[in-house]
Amino acid sequence: MTDWPILSILIWLPILGGALVLMSGDRAPNVSRWLALAFAVLTFVLSIPLYVGFDVSTAAMQFVEKSPWIPAFEVNYYLGVDGISMPLIILTTFISILVIGAGWEVIQYKPSQYMAAFLIMEGVMVGVFAALDAMLFYVFWEAMLIPMFIIIGVWGGPNRVYATIKFFLYTFLGSVFMLVALVYMYFKSGSMEILMFHDLKLGLQEQILIFVAFLLAFAVKVPMWPVHTWLPDAHVEAPTGGSVILAAIMLKIGGYGFLRFSLPITPDASSTLDWLIIGMSLIAVVYIGFVALVQQDMKKLIAYSSIAHMGFVTLGFFIVFMIVAREDVETGAILGMQGGMVQMVSHGFISAALFLCIGVLYDRLHSRQIADYGGVVNVMPWFAAFMVFFAMSNAGLPGTSGFVGEFLVILAAFRADFWFAVLAATTLILGAAYSLWMVKRVVFGEVTSDKVAALKDINGREAWILGTLAVAVLILGIWPAPLIEVMDASIANLVQHIGMSKL
Amino acid sequence: MEAIFLTIVLAPLVGAIIAGLFGRQVGRAGAHRVTITGVGISCVLSLYVLWQYAFNNAPTYNASVYTWLVTDGLRFEIGFLVDRLTAMMISVVTFVSLMVHIYTIGYMHDEEGYERFFSYIALFTFSMLMLVMSNNFLQLFFGWEAVGLVSYLLIGFYFKRETAIFANMKAFLVNRVGDFGFLLGIAAIAMYFGTMDYKEAFAKAPEFAETTISIFGQTEWSLMTVICILLFIGAMGKSAQVPLHVWLPDSMEGPTPISALIHAATMVTAGIFMVARMSPLYELSETALTFILVIGATTAFFMGLIGIIQNDIKRVVAYSTLSQLGYMIAALGVSAYAAGLFHLMTHAFFKALLFLAAGSVIMGMHHDQDIRNMGGIRKYMPITHWTALLGSLALIGFPGFSGFFSKDAIIEAVHHSHIAGATYAYVLLVAGVFVTALYSFRMYFLVFHGQGPRDEHAKAHLHESPWVVTVPLILLAIPSVFIGYFTVGPMVFGDFFDEAITVAAIHDTLGHIDFHGAFGFVTHAFFTLPLYLALGGLALAWFIYTWKPGIAKVLSERLSWLHFILDKKYGFDDFNQVVFAKGSQLLGKGLWYAGDRQLIDGLAVNGSARSIGWLASVARWVQTGFLYHYAIAIILGLLGLLVWFVM
């Protein structure tokens, strides 16, 4: 089994599928839909061996594939996964199935192209997580923008042009600086291998410049305050599937970048500038929490909530240095990083589910305004049950996955500084406030209008999609050990690595 | 034993899942049968466990069921700690829950969402059992929030009512404020003790008795005080203590059975249970104990006062619950944990009884809850009347009733305490006895005595409730009357809780009370003030509300300022609404408009887009398209370079 180039299959199979779906055209939309679903399911099934065959005892890269790509520049087609990237790849293949399902009969305009875009994007995103060569990584990183750009631009809402341009320029601006940093390190090391960069000796001044370049790229992707404003616009204009992929996977690529590039390549700069990231993360949790509270548009609300939740990810990653610096605290560094990683996976499920819920409503009423709804539970009881469940998960209810990451990060933050924990823990109140207030206005109450009265409850397809996510959220909440186990060795190794100064 | 414990916890969960997910398939009768079976199994097994621990000296059980996760040297597990404290709690929880389940068949008979309701209360029972059986802080927090979730769902059960869905959100958010402190307390324990397990944490705690940490600048705080107060903030939310009590009166929007189960007998007592369970920690911080004592006594007295002027039958009982929770909390403050738990137990019976009796009256009155419209109901609903009378007597601490033993034990313990705030607490708690008797019997006389209901239609339809309602009332009335007499000796003054609870010698207030048997305790009471205050309150209520009904009106006019303050509930609700609810919305709007839209998007993002656009529009004038313009630029450029190189 391990002899198979499994990562290559996971990258190229969906892309091939996308090409086939594209060729099938729109004359028989059901053919392209089933074809797309088949490829998505097949990709997911093939990604399971990654988990089953994964060796949890080592931090080394596994399922490695390496062959020359551009020999003149020492650029290789080099793939591999560790405990950090493997869960994210499975998250990608899993969410992709749901996204294909979510667009089933909803997308009537050029369905084959829509499905193809998502399949191609799936392959590219797996490529981002699996690439161990910086050039390859960069190609996938930028390629990811293209299908997303098309998805928002073609199937998006009325203001989609502004949103796509904003989205594209924002993220592209950040990544150009990353390219400069990568090229610089290539000249210093003579290699494009990311793992070589990890061991590359760099002075503090160099590290800070490289760190800032990476920060621009990753902070935009996460997104961190104050470079987050593209996200609400992109979400609002994107079709449901686009929002799901954006929230569930694309944002994670920013967080992944910090773990794969910033922290190990520039540990001293990260340590010097940790206050900056911690500050931005805490602002994201508190400030964005308040902003989310007053949103009138459901998608904007969830978009802001995503930013606040991603604040926990970056907080968990960067408090490491303060914990290590404290003499009276022995452990906690791994705790914070584990928390950040779990938060990424969990947010992948929960934000996807919430965007799908809003999509269900939007498909029926063509409005995302909270004020247009009210009393939905009277006509859509099953939907209401899902909505309340996911809102509670979003508010970090124990027993759901939303709790695990926040809990671990708050425990770790307490070790760094009492006040970090206090600010982070405000999410307990703010998260519940914006989630439940939305639920109160949308789901509960008397039926407010004839349009709401005419709503039909979720159909079997929608129930399957939301039900699958609900099960995932519950399992991860009740028993997170399997996920933690997979990541433990890699994160412990990373913490040890960044503890050693490069100066 | 492990199989028994697992069954106790999981049987209600199975019932909840079946009734919740397959409600349509199993139908109404199926839903109540399956949940009652589940809770019934739990109840029988819990009583068996209690028997084993109380009489057969079963050893303390402390083991994990499965590992939630392990990382960074911290083990997070799900497991059970069962000792006499747990055995008592699970017995009370499952017994009251079973009574409420049976009662609900009658109460919710004609309601929509019958299956959903049974699913929720069975789920609640599961969550509450997880909470009290936990052997670690993680599971405690899980149960803590899970009961909050079910409480949220049940307060908002009538989801069409605006007041109900406001109340449930308020309840959840206020509880989250408490949980905010609670979680930080758990984080502190994880950091300093390096464990989530109770027993390990308790063993480590004494090492940190003298440790101080700095939070605000240079001021040093005792670590144990910080931990204990943070944890207690959680208890203040769950057990509705001032100023986090505001959600409990509003929670009466939920159906009456859950008011009895969740908002009187079980969930709201979780805070008391938690502090008692953490007694090895609390004994290390006298500051925290004083804080607890003052909060408890304040709640006990001032919330009782509000009860006097309420006219909604459920709200009278709700304020009474707040006040009684205050008594329990005050007991914890003077380290009389056993007395607090004992009051928790007796209160669970008589307060569940009072709520269910109130529900029975509400059914009779066709869901009119205003006690001014009632009266003379004793003639129409004899069983409800007698059980309510017994419950009320237990509540005011009438000698010999179970509430008497528990309340007197608390007051005596506070009397013997010497920690800061003890005198303040003693005065309020003793005065509270009078208030309790006054509001309880005001309600009793208004509802059950006097002329019949004003409304002739209501009068014509008034009749006793069906047996599924009255049988639970009778079964709850029995312990409300007798359990105190038989258990006060071992539980409060004996060694029943010795293994579960730690009391430092200097805080041992209960040990200073002379106890010579339950009968001696009763006779002793005739020489103390509280008894006469209780009887005085009863007499005054009788005098005002049956003898001279005009007095009440005169009094409320004469004391209009007091009436105003009590009617406004000391202004807590208005303050929260203006400062927290409106304030955070304003802050959110401000940050959004000024921060996101003006500064970041307006100035930075679109601003830079505009300035690039402007730069381009200026720069394009250079691109004229005339050859001679370009030629002169080349010549000038060449000249410039030459000058630069030559110079």
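Values in this document were obtained by computation on a predicted structure and should not be read as measured data.

Scoring rules and cut-offs
Residues numbered from 1 in each chain as written. Chains lettered and ligands numbered in written order. Predicted model: local features only at pLDDT ≥ 70, side-chain atom pairs only at ≥ 80, totals over all residues. Heavy atoms only, no water. Helix = DSSP H or I, 4+ residues; strand = E, 2+ residues; numbered from the N terminus. Rg over C-alpha atoms; globule rule 2.2 N^0.38 Å. Buried < 20%, exposed > 50% of the residue type's maximum accessible area, 1.4 Å probe, protein only. Contact = heavy atoms within 4.5 Å. Areas by Shrake-Rupley, 256 points an atom, 1.4 Å probe, with all protein chains shown as cover. Lys, Arg positive; Asp, Glu negative; His and termini not counted. Charge placed at Lys NZ, Arg CZ, Asp CG, Glu CD. Buried area = accessible area lost by both parts, 1.4 Å probe. Salt bridge = Lys/Arg side-chain N within 4 Å of Asp/Glu carboxyl O. Axes fitted to C-alpha atoms, helices over the stretch in contact; angles between N-to-C directions. Parallel < 35°, antiparallel > 145°, perpendicular 65-115°, else oblique. Nonpolar A, V, L, I, M, F, W, Y, C, P; charged D, E, K, R; others polar.

(A) Expanded view of the overall build of chain A. In terms of regular secondary structure, chain A is built from 24 helices and 2 strands. Expected size for 503 residues packed as a compact globule is a radius of gyration near 23 Å; at 22 Å, chain A falls within 12% of this value. Judged by the C-alpha coordinates and their principal axes, chain A covers about 70 × 55 × 40 Å. Residue burial in chain A is summarised as follows: out of 503 residues, 68% are buried. Sequence separation of 24 or more characterises 82% of the internal contacts of chain A that already satisfy a separation of 6 or more. Of the roughly 15,700 Å² of accessible surface on chain A, 69% is carried by carbon and sulfur atoms. Side chains of chain A carry 23 positive and 31 negative charges; the gap between the two charge centres is 9 Å.

(B) Layout of the interface of chain A and chain B. With 66 residues of chain A in contact, the opposing surface of chain B contributes 56 residues. Here chain A meets chain B over a buried area of about 5,400 Å², counting both sides, of which 74% is carbon and sulfur. Of all residues in chain A, Phe-414, Leu-428 and Lys-440 of chain A bury the most surface against chain B, accounting for 11% of the area lost on that side. Here chain A and chain B share 1 salt bridge between them. In this structure, Glu-162 of chain B engages Lys-440 of chain A in a salt bridge whose closest nitrogen and oxygen atoms are separated by 3.0 Å.

(C) Region of interest: the environment of Val-212 of chain A. Residues and elements named next belong to chain A. Here Val-212 shows up in helix α9 (residues 204-221). On the accessibility criterion, Val-212 (35% relative accessible area) is partly exposed. For the pair Val-212 and Val-291, spaced 79 residues apart in the sequence, the C-alpha separation amounts to 27 Å.

(D) Seen up close, the packing of helix α16 (residues 382-396) of chain B against helix α18 (residues 422-448) of chain B. All names here are of chain B. Two numbers describe how α16 lies on α18: the axes approach to 9 Å, and their chain directions differ by 170°. Considering their axes alone, α16 and α18 lie roughly antiparallel with respect to each other. Where α16 abuts α18, its residues Thr-384, His-385, Ala-388, Leu-389, Ser-392, Leu-393, Leu-395 and Ile-396 lie against Val-433, Thr-436, Ala-437, Tyr-439, Ser-440, Phe-441, Tyr-444 and Phe-448. Among the residues making up the contact of α16 with α18, the classes are represented as 11 nonpolar, 5 polar and no charged.

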